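Working through the structure, step by step
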Amino acid sequence: MEDLKDIILNYVIKEYVEDDSEPMTFETPLISGGIVDSFSMVSLKRFLENRYAIQIPDDRATPEAFDSVNKIAVLVEEFVAKKG
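Residues numbered from 1 in each chain as written. Predicted model: local features only at pLDDT ≥ 70, side-chain atom pairs only at ≥ 80, totals over all residues. Heavy atoms only, no water.

Looking at the packing of aromatic side chains
Inspection of every chain in the model, using the stated rule, returns 2 aromatic pairs. Measuring from centroid to centroid gives 5.9 Å for Tyr 11 and Tyr 16, while their planes differ by 80 degrees, and the two rings are edge-to-face. The class for Tyr 16 is buried, based on a relative accessible area of 14%. An angle of 10 degrees between the planes, with centres 3.9 Å apart, marks the rings of Tyr 11 and Phe 47 as stacked. Highlighted residues: Tyr 11 in helix H1 (residues 4–16) and Phe 47 in helix H2 (residues 38–52), separated in sequence by 36 residues. Residue Tyr 11 is classed as buried on the basis of its relative accessible area, which comes to 13%. Among the aromatic residues, ring-to-ring pairing joins Tyr 11, Tyr 16 and Phe 47 into one connected group. (Phe/Tyr/Trp six-rings, centres within 6.5 Å; stacked < 30°, edge-to-face > 60°. Buried < 20%, exposed > 50% of the residue type's maximum accessible area, 1.4 Å probe, protein only. Helix = DSSP H or I, 4+ residues; strand = E, 2+ residues; numbered from the N terminus.)

Here you go:
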């Protein structure tokens with residue numbers, strides 16, 4: 001099974017990266033780096049909720065929590081663990 005971080009990174013690259021000249025890592029700033037905007041963050045949240053059958057409360061889906069693949073993975077893992 002694909003690693004959670006790889007799934008998130010691949011989704012972000014496929015959906016939001018227009019110029020792939022800069023390599024992206026799990027620590028690349030997504031929101032503060034201008035890769036993901038507020039509208040894109042909502043679609044990313046919806047993707048994660050559907051993929052992992054979780055609900056991420058709006059008050060937890062902050063720009064800070066979605067600013068890197070590593071931070072998003074921590075958030076998703078928390079809600080997957082609560083579900084299980």
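Digging into the pattern of salt bridges
Once the charged atoms of two side chains with opposite charge are near each other, the side chains can pair. The full count for this structure, using the stated rule, is 5 salt bridges. The shortest N-O distance in the salt bridge between Glu 49 and Lys 45 comes to 3.0 Å. Taken together, the residues span about one helical turn, with Glu 49 and Lys 45 both in helix H2 at a distance of 4 residues. Considered together, Glu 49 and Lys 45 belong to a single accessibility category, that of buried residues. (Salt bridge = Lys/Arg side-chain N within 4 Å of Asp/Glu carboxyl O.)

Quick look at the packing of H2 against helix H3 (residues 69–83)
Here H2 crosses H3 at 35 degrees, and the two axes come no closer than 11 Å. The two elements H2 and H3 meet at a crossing, and its hand is right-handed. On the side of H2, the interface is formed by Leu 44, Leu 48 and Tyr 52, while H3 contributes Ile 72, Val 76, Val 80 and Lys 83. Considered class by class, the residues forming the contact of H2 with H3 number 6 nonpolar, no polar and 1 charged. (Axes fitted to C-alpha atoms, helices over the stretch in contact; angles between N-to-C directions. Left-handed = near helix turned anticlockwise from the far one by under 90°. Contact = heavy atoms within 4.5 Å. Nonpolar A, V, L, I, M, F, W, Y, C, P; charged D, E, K, R; others polar.)

Some points on the side chain of Asn 70
Inspection of the secondary structure assignment puts Asn 70 in helix H3. With a relative accessible area of 18%, Asn 70 lands in the buried category. A polar contact of 3.0 Å, which involves the side chain of Asn 70, links it to the side chain of Lys 5. Not counting residues within four places of it along the chain, the set of residues in contact with Asn 70 comprises Lys 5, Phe 26 and Glu 27. (Polar contact = N/O pair within 3.5 Å; in protein donor to acceptor, adjacent residues only side chain to side chain.)

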